[in-house]
Amino acid sequence: MRRALRGRCTVAAAMALVSADSRIAELLAELQRLLGHTQEERSRSEHNLINIQKTHERMQTENKISPYYRTKLRGLYTTAKADAEAECNILRKALDKIAEIKSLLEERRIAAKIAGIYSDAEPPRKTMRRGVLMTLLQQSAMTLPLWIGKPGDKPPPLCGAMPAAGDYVAKPGDKVAARVKAVDGDEQWILAEVVSYSHAANKYEVDDIDEEGKERHTLSRRRVIPLPQWKANPETDPEALFQREQLVLALYPQTTCFYRALIHAPPQRPQDDYSVLFEDTSYADGYSPPLNVAQRYVVACKETKKK
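Notes on the structure follow. (Residues numbered from 1 in each chain as written. Predicted model: local features only at pLDDT ≥ 70, side-chain atom pairs only at ≥ 80, totals over all residues. Heavy atoms only, no water.)

### As for the overall build of the chain
A tally of helices and strands in the chain yields three helices and 10 strands. Of the regular secondary structure in the chain, the N- to C-terminal order runs α-α-α-β-β-β-β-β-β-β-β-β-β. With 307 residues in all, the chain has 37% of them scored as buried. In the chain, of all internal contacts separated by at least 6 residues, the share reaching a separation of at least 24 is 58%. In the form shown here, the chain has an accessible surface area of approximately 19000 Å², with 54% of it arising from carbon and sulfur atoms. (Helix = DSSP H or I, 4+ residues; strand = E, 2+ residues; numbered from the N terminus. Buried < 20%, exposed > 50% of the residue type's maximum accessible area, 1.4 Å probe, protein only. Contact = heavy atoms within 4.5 Å. Areas by Shrake-Rupley, 256 points an atom, 1.4 Å probe, with all protein chains shown as cover.)

### As for the pairing of strand E2 (residues 187–198)
In the sheet, strand E1 (residues 175–181) pairs with E2 via seven bridges, with the strands oriented antiparallel. Note on E2: the bridge partner recorded for Lys 181 is Glu 187. Taken together, E1 and the strand that follows it, E2, pair antiparallel across an intervening segment of five residues, in which Gly 185 is found at a positive phi of about 95°. In the sheet, E2 pairs with strand E7 (residues 257–265) via two bridges, with the strands oriented antiparallel. Paired with Trp 189 across the strands is Phe 258, a residue of E7. Alignment of E2 against strand E3 (residues 203–208), held across six bridges, turns out to be antiparallel. Paired with Val 194 across the bridge in E3 is Val 206. (Pairing = 2+ DSSP bridges.)

### Considering the pattern of salt bridges
Scanning the model with the defined rule gives 16 salt bridges in all. A salt bridge links Lys 171 to Asp 174; the shortest N-O distance between them is 3.7 Å. On the accessibility criterion, Lys 171 (47% relative accessible area) is partly exposed. Sharing partners across several salt bridges, the network here consists of Arg 23, Glu 26, Glu 30, Lys 97 and Glu 100. (Salt bridge = Lys/Arg side-chain N within 4 Å of Asp/Glu carboxyl O.)

### Quick word on unusual backbone geometry
Of note, Leu 158 is a non-glycine position whose phi angle comes to about 70°, a positive value. In this structure, Leu 158 sits in the loop between helix H3 (130–142) and E1. In this structure Leu 158 comes out as buried when scored by relative accessible area, which is 4%.

### A closer look at the layout of surface pockets
Considering only enclosed or pocket space, the second largest pocket measures out at about 450 Å³ in volume. Lining the second largest pocket are 21 residues; nearest its centre among them are Gln 138, Ala 141, Asp 273, Ala 294 and Tyr 297. For the lining of the second largest pocket, a count of residues per class yields 11 nonpolar, seven polar and three charged. (1 Å grid on protein atoms, 1.4 Å probe; cavity = no way out; pocket = protein on both sides within 12 Å on 5 of 7 lines; lining within 4 Å. Points joined across faces, edges and corners; volume = space filled by probe spheres on them. Nonpolar A, V, L, I, M, F, W, Y, C, P; charged D, E, K, R; others polar.)

### Notes on the nonpolar core
Counting residues in each nonpolar core, the largest one holds 37 residues, and the members touching the most others are Leu 191, Phe 258, Val 276, Tyr 297 and Val 298. Looking at this core, the elements that each hand over two or more residues are H3, E2, strand E6 (247–251), E7, strand E8 (274–278) and strand E10 (298–300). Here this core gets five residues from one element, more than from any other, and that element is E6. In this view, Val 276 contacts Ala 250, Ala 261, Leu 262, Ile 263, His 264, Pro 289, Pro 290, Leu 291 and Val 293; residues no more than four positions away in its chain are not counted. (Core = buried A, V, L, I, M, F, W, Y, C linked by side-chain atoms within 4.5 Å.)

### Observations concerning the packing of aromatic side chains
Under the counting rule described, the total for this entry stands at five aromatic pairs. Summarising the aromatic geometry, the rings of Tyr 197 and Tyr 204 are spaced 4.7 Å apart at their centres and angled 55° between planes, so their arrangement reads as tilted. Take Tyr 197 and Tyr 204: they sit in the same class, and that class is buried. Taking the centre distance of 4.7 Å and the plane angle of 55° together, the rings of Tyr 252 and Phe 278 count as tilted. Taken together, the residues span a long stretch of sequence, with Tyr 252 in the loop between E6 and E7 and Phe 278 in strand E8 at a distance of 26 residues. Relative accessible area serves as the criterion here: at 2%, Phe 278 is assigned to the buried category. The rings of Tyr 252, Tyr 259 and Phe 278 are connected pair by pair, giving a single aromatic cluster. (Phe/Tyr/Trp six-rings, centres within 6.5 Å; stacked < 30°, edge-to-face > 60°.)

### Some thoughts on H3
Helix length check: H3, at 13 residues, gives a terminal C-alpha distance of 19 Å against a target of 18 Å (1.5 Å per residue), a fit within 8%. Along its buried surface, H3 packs onto E2. (Expected span 1.5 Å × (residues − 1).)

### A word on the pairing of E6
Across the five residues that make up E6, a large majority, five, are buried. Residues Leu 247, Leu 249 and Leu 251 line one face of E6 and the alternating positions Val 248 and Ala 250 line the opposite face, and both faces are buried. Both E6 and E7 contribute to a ladder of five bridges, which runs antiparallel. Bridging from a neighbouring strand, Val 248 pairs with Ala 261 of E7. Here E6 folds back onto E7 in antiparallel fashion, the turn holding five residues, of which Gln 254 has a positive phi close to 65°. The pairing of E6 with E10 spans three bridges and is classified as antiparallel. Along E10, the bridge assignment pairs Ala 250 with Val 298.

Quick look at the structure:
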């Protein structure tokens, strides 16, 4: 019975792989078309921008602003604004396609894992060298999408420091910070991957990202913190970032464990990391020197600060 069930799961996973591959190919073709349209829009608007520049140069030469130039510039700038909005709309559609592709790639990875099919880019964890795992975690942080809202939009939940909604449930494959018991009985926050969620029991099943596929933990929701799904842009949405001296949980560099830390400096540009001070009693002031941690791996600390 179990063997038959396992076989059906494997077949279903294989079918999911084929379906995901087909949809990804379609989305890549659509993305290519959108990028082509973006270039067309940019080329079309370039002529108008050149006219704006030439009109300003003529005004400076004649040293006057006549009603003719006012009217002409008003029309040119109106056209430039419309061109920019058209290009922006195409780019937003392209970003949506990229987000869908990333989601399908994650679904494909989970289906491949169920079917026992692995790629060279991500071998099974029991054969994965630590250096490969650290590289994958770094790539995951670098490719975390930047949230780009429309004027007036507020950053959504799980953008940067924005917490998840109260009823949010992480999906299978999502990365989370999970509080588990270590071998010595102490508790620690680890980087884990969601396997499933039971609404009846209100509990997650998660896998330790740094184990050989054997360490599975059943945890209540309060022991699981979803990681950010978007980076926050410090230039447009600084309120979506942790601020200096805030207490957080941050992934210690070259490890898969989260530790308490204070924000030393938030990111200044979208691609920047946080600078954090980890709690460390080996230093006189109780904190380590500043270390960089990506937005992907910094979450709100649920514990109160120790005195």
